[in-house]
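A look at the structure
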Amino acid sequence: MTNHWIDIKNADAILIMGSNAAEHHPISFKWVLKAKDKGAAVIHVDPKFSRTSARSTLHIPLRSGTDIPVLGGMVRYILENGLFEKDYVVEYTNAAFIVNDKYGFNDGLFAGYDADKRAYDKKLWAFETDEKGIPKKDKTLKHPRCVFNLLKKQYDRYDLDTVSKTSGVSKENLLTLYKTFGATGKPDKSGTIMYALGWTQHTVGVQNIRLAAILQLLLGNIGVAGGGINALRGEPNVQGSTDHCLLWHILPGYMAVPRATWPTLADYNKANTPVSHDPMSANWWQNKPKYLASLLKGWFGENGTKENDFGYRMLPKVEPGVDYSYLYIFDRMYNGEINGGFVFGTNPLQSAPNSNKNRAAVDQLDWLVVGELHHTETSDNWHRPGVNPNKIKTEVFLLPSAHRVEKSGSVTNSGRWIIWHDMAQKPIGQCRSMGEMIVDILNQVRSLYERENGVYPDPLKKLDWPAYYDSDDMAQRINGRFLKDTTVKGKTYKAGDQVPSFGALADDGSTVCFNWLYSGSYTKEGGNKAKRRDLNQTAMQKNIGLFPNYSWCWPVNRRILYNRASVDLKGKPLAPQKAVIKWTGKGWEGDVPDGGWPPLATGKGRYPFIMRKHGFGQIFGPGRPDGPLPEHYEPVESPLTKNPFSGQFNNPCFKKTSNEMDALAKPGDKRFPIVLTTYCVTEMWCGGGETRNTPNLLEAEPQLYVEMSHELAKEKGIQNGDPVLIESARGSAEAIAMVTVRMTPLQIEGKTVHLVGMPFCYGWTTRGVGDSTNRLTASIGDPNTGIPEYKALMVNVTKAQRLRELQA
Amino acid sequence: MDVTRRRFLKIAGLGIASLPLTRLGLNLGGAEAYAAGFKLEGTKEVISICPFCSVGCHIIVHVRNGRMVSTEGDPDYPVSEGALCSKGAAMLSMHKEDHRLTKPLYRAPYSDHWEEKSWEWMLDRIGRRIKDTRDRGFIRRNDKGQEVNRVDSIFQLGTSQMDNEECALSHQFLRGLGVVHIDHQARI
Amino acid sequence: MPMTFLIDTSRCTACRGCQVACKEWNDLQANKTRQRGTHQNPPDLNPFNYKLVRFAEYKENGKVVWYFFPDQCRHCVSPPCKEAADSYVEGAIIKDPKTGAVIFTERTRLLKPEQVEEVISYCPYNIPRLDTGTGILAKCTMCNDRVKRNMLPMCVKTCPTGTMNFGERSKMVALAKKRLAELKKDYPNAQLQDPDDVNTIFLLTEDPKKYFQKVG
């Protein structure tokens, strides 16, 4: 989230799209309803009428996968009716930047597409720069190639008729949405967007969010109270686990993973450190070499020397152009290229797409370590229904895990607050925390290499690795320490002292820090700030519910990101009644500003979007692999045979794997005429392991269901409560029909399109509840992230003659 | 107003003084008896956090003799103010051992059953499997002769169930081994 | 002054925090349930669910509406169940003079089957349920043990949205009237359900029958 949970109450309008907040982040509705009580409109755009819709001002059903048409139509409406916040757009976004003349867009493709590589040459999307390398701007917004006019041109085609017939949303509903949210373009008004996996889980996932960000920039809604682009993160610590980057492609603190083409630290830094020649651009990532050096020193300690680039040379390097994420892990496992591995606290044979393929893939493993609370469909794959265990070779180590109250440590909430939990009871039985497990496992491996040697033992031997797991010690290391006596802003720190903030980190190996974003969370002066429970705040802070003394939030306890965009060039709040920061003439009051520089009008300021190289909010985003502006493409599986917006049917860069278990339905495939979307349900959690093993929750949502409209049920001869079979090109699942007015057939291109929805939390290890919904979904993903398209697939539904999976 | 401490939302205007438990004996009849034997008697409070969505609702765990006996929302957490949804409300029964794994379990190749093993046995065996696979699959240099120091034949999936401190170690663990097939719930 | 619940259904998101929190606090066992084509589960109140969120959905003039009704004992001002039980077994059903909580005691076990039926039939809201295992009648206790200690009933404590409210009767009645007046602007049929007779006052946006048949 750019903002945080409580801040939702400050909004004048709330758009919940790609999220079912009341069901999946139930406590968020405390703050949504507070805004609604004060008169904010709450609009829920979602294929299904849910508990969120029930408490919203208006629910707008759309066909899954058509968010870009609906939002693109809003861009057009805002530009056409002059609803954008002009000064904000000119001063704080890249609307005035001029794009070079090689850029173009034709019939669904941007300039530079290579069909063989299924990739773009992004150089063709670059900005025109002056002799210093600073982008040229036309603040009058008249230049035909300035971003503002390219934006206008891009969405000129997104007229009400085309948007309506593509998405199935009535023109009346579109206009209500556009007028209501467009009204937040006034400087003293703000609107927030709450989204979740309903946006990310598409082959246009990142572009959905890009378009939302573009809208918020046009309306001046970024950096302000009650505004922002707010990802409602799922999972208990998915914000923290992302910050610490348990992902193949980034190192902790969002730094690129080393590649084979960057053999030395100098190569890495040269390739990854942005350079801006604009003195007004803070270009914060110019500090990256300090953060990386401190991370490496954390990992390798005194064995990370200048000679070995602080250990950089020993690190694994990936091949450029190769993807190592979920879809490809399972594909390579299926092909026998992966032999063993670890699954901690996740149940991918339930929650990753195309379960049938993944289950067969895991059969190929020689060994598997699972750290879990319960038996799962992953740990117990070797005796799943329909297989003979005597034919499955996998050696499985199932390690009993401590539950949340059985360990101490910190998690990070969606608003980036780092919050500490204490151990309430010791782990039951022989359970151990996952921290203990990994510390012990690696120590075992290290001792083997000590005893026997082996292939390239250097990185293992040289790691600065603890003898036992200690969450407090790790929290300190994450914050960072000095390795030599250092003076910062007149204050002297001794070697071994905690660093006060990331400003003190150095690139010469004299500091350690496991994550620069968390630097400042556990200091010599303030102790472990994740434990702070102080509710005091100034009147200005209280007015918007900032709670700066409760826990600590990254970066530097800044509660609302890009908050210098909430003031005018003189530092005066654009919305004084809900000011985030204000310039007093001497300094800033309110939230922690994005850097303490004085207002821009003084000539000594810095542009507010400090994480961008040029300092501006990116309406035009030339860094994305699938286009600098969002464009509508049909889901990979679609009821249509033609994209109403262009000749390019799907996202030309979407990710896929291709083996015999990766079947896809053809566009408009008659065998699979119904759109399927998948989701969670309030009482269950993701793959369901923790919750369906908790009897009081299973009682409330006991079995797999499929929600469908009365119209579809009638067509198929299905009654409410009937068992049904759902089939896709990849597999089938059994579910109970929930026939409901909350699902709406939509009129798409003059034809009726039906949509059904299913949760994915039920699996065979819990008797009689049903089995993985993801047997229906496909190994296809977004070009930027590889996040699978769980939200829009094509299926058929028939009445089941006989129950197998749902037997009691 | 004391804004630093508002534990236990007080009932507005409630005129009943809370009775000391010593006065709630068995000899009390009627309604008093049905308020006696209070389950939180003699417990201490520990603050934990709900293990589900990223609202991060704080939970007061009532602990007696080292075991949790009750859980409820923590009113001091300004985001939730003591509220919980159905999942958060189920923290007590969720932690019970009757449905949880409590011992390390091992499944041998081609076997049709689990076997209980000690942690030491498991760690020893896991270490051996990791080392053998790593030694066999480690790539010092790629086809182009570039130094890559990685092992493609080992993967990890997980997890956002880990605390930040565990995540930081998990990342170090994986890069130290040379693993690059790394993913978790942030991508699904 | 008795204590009163105000249940403002216009704010309910059916997160079912109350339903589950009630089970956890009262240590009520889980029922074996199955999916029957609705999110409402268990299907009805039972000896192990003193609190149940009921769901009812309609499409009216093309607009979908979904009603949520967190059902529970009304803790009547003059409880008919107690009136019925008193004539057979003294102390089977009692009313806490301080809190107004209507409490089914273990002595309900002494009621004969036909007497149990009579007690149940006297309840205008169809709340009491017989635990056939123990022979005890069961329902919401108002968390009288918590209330006596100045703590909110668990369902109220757990509610995120201000649906569940609890306090002295006069304060809750005043709050009910205030919220009703606000709701009337958007929902002309909004109403309080039997506010003079019960200490669990439901604020409804529509005809009670739309929530479920036994509401009123």
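Just so you know, these numbers come straight off a predicted model, no measurement behind them.

Considering the overall build of chain B
- Per the secondary structure count, chain B includes 5 helices and 8 strands.
- Each of the 188 residues in chain B was classed as buried or not, and the buried ones make up 62%.
- The contacts of chain B with a sequence gap of at least 6 include a subset with a gap of at least 24, amounting to 36%.
- Just so you have it, chain B exposes about 6700 Å², and 50% of that area is on carbon and sulfur atoms.

Thoughts on the domain arrangement of chain C
Residues and elements named next belong to chain C.
- Segmentation of chain C into domains returns domain 1 (3-71 + 145-211) and domain 2 (80-140).
- Computed over C-alpha atoms, the centres of domain 1 and domain 2 are 22 Å apart.
- Taken together, the contact pairs 14 residues of domain 1 with 14 residues of domain 2.
- Both faces combined, the contact of domain 1 with domain 2 buries some 1100 Å², and carbon together with sulfur accounts for 56% of it.
- Interface area lost by domain 1 to domain 2 is led by Pro 47, Tyr 50 and Lys 148, which between them contribute 41%.
- There are 2 salt bridges connecting domain 1 and domain 2.
- Taking the shortest distance from any N to any O, the salt bridge between Lys 148 and Asp 96 comes out at 2.9 Å.
- Run the count over domain 1 and domain 2 and you get 5 residue pairs in polar contact (both at pLDDT 80 or more).
- Split by residue class, the side of domain 1 that touches domain 2 holds 7 nonpolar, 3 polar and 4 charged.

A look at the sheet that holds strand S2 (residues 41-45) of chain A
All names here are of chain A.
- Spatial strand order, S3-S2-S1-S8-S9: 5 strands in an open sheet with parallel pairing. With partners counted over all chains shown, the strands left at the sheet margins are strand S3 (58-60) and strand S9 (229-231), one partner each. On average, each strand axis in the sheet is inclined to that of its neighbour by 20 degrees, with strand direction left out of account.
- In this structure, strand S8 (residues 191-195) lies alongside S9, joined through 3 bridges in parallel fashion. From the neighbouring strand, Met 194 faces S9, where its bridge partner is Asn 230.
- Against the sheet, helix H2 (residues 28-37) engages strand S1 (13-17), S2 and S8, with an angle of about 140 degrees to S1.
- This element, helix H10 (residues 205-218), spans S8 and S9 of the sheet and lies at about 170 degrees to S8.

Description of the confidence of the model for chain B
Residue and element names in this part refer to chain B.
- With 81% of its residues at a pLDDT of 70 or more, chain B has an overall mean of 87.
- The low-confidence segment residues 1-10 (pLDDT under 50) makes 30 contacts with residues lying over four places distant or belonging to another chain.
- Across residues 12-28, where pLDDT falls below 50, the model places 27 contacts with residues more than four positions away in sequence or in other chains.

Thoughts on the interface of chain A and chain B
- On the side of chain B, 117 residues touch chain A, which itself brings 168 residues to the contact.
- Buried surface at the junction of chain A and chain B, summed over both partners, amounts to about 12800 Å²; 62% is from carbon and sulfur atoms.
- Among the residues chain A hides against chain B, the three largest losses belong to Leu 246, Phe 342 and Arg 533 of chain A. Together they make up 6% of the total.
- The interface formed by chain A and chain B contains 10 salt bridges.
- With a closest N to O distance of 2.2 Å, Glu 395 of chain A and Arg 129 of chain B form a salt bridge.
- Counting across the interface, chain A meets chain B through 82 residue pairs in polar contact (both at pLDDT 80 or more).
- Residue composition of the side of chain A that touches chain B, grouped by class: 89 nonpolar, 51 polar and 28 charged.
- In this sheet, strand S7 (residues 147-157) of chain B lies alongside strand S12 (residues 340-344) of chain A in parallel orientation, the contact comprising 4 bridges. Within S7 of chain B, the position partnered with Phe 342 of chain A by the bridge is Gln 156 of chain B.

Quick notes on unusual backbone geometry
- Across the junction of Gly 158 of chain B and Thr 159 of chain B, the peptide omega takes the value -10 degrees, indicating a cis bond.
- Cis geometry is found at the peptide bond from Asn 41 of chain C to Pro 42 of chain C, where omega equals -5 degrees.
- Tracing the backbone shows Pro 42 of chain C in the loop between helix H1 (17-25) and strand S2 (52-60).
- The residue Cys 686 of chain A is not glycine, and still its phi comes out positive at about 45 degrees.
- Its place among the elements puts Cys 686 of chain A in the loop between strand S27 (674-679) and helix H21 (689-692).
- Despite not being glycine, Asp 27 of chain C has its phi angle at roughly 55 degrees, a positive value.
- For Asp 27 of chain C, the position within the fold is in the loop between H1 and S2.
- For Asp 27 of chain C, a relative accessible area of 60% corresponds to the exposed category.

Cut-offs and rules
- Residues numbered from 1 in each chain as written.
- Chains lettered and ligands numbered in written order.
- Predicted model: local features only at pLDDT ≥ 70, side-chain atom pairs only at ≥ 80, totals over all residues.
- Heavy atoms only, no water.
- Helix = DSSP H or I, 4+ residues; strand = E, 2+ residues; numbered from the N terminus.
- Buried < 20%, exposed > 50% of the residue type's maximum accessible area, 1.4 Å probe, protein only.
- Contact = heavy atoms within 4.5 Å.
- Areas by Shrake-Rupley, 256 points an atom, 1.4 Å probe, with all protein chains shown as cover.
- Domains from an automatic or database assignment.
- Buried area = accessible area lost by both parts, 1.4 Å probe.
- Salt bridge = Lys/Arg side-chain N within 4 Å of Asp/Glu carboxyl O.
- Polar contact = N/O pair within 3.5 Å; in protein donor to acceptor, adjacent residues only side chain to side chain.
- Nonpolar A, V, L, I, M, F, W, Y, C, P; charged D, E, K, R; others polar.
- Pairing = 2+ DSSP bridges.
- Axes fitted to C-alpha atoms, helices over the stretch in contact; angles between N-to-C directions.
- pLDDT = per-residue confidence, 0-100.

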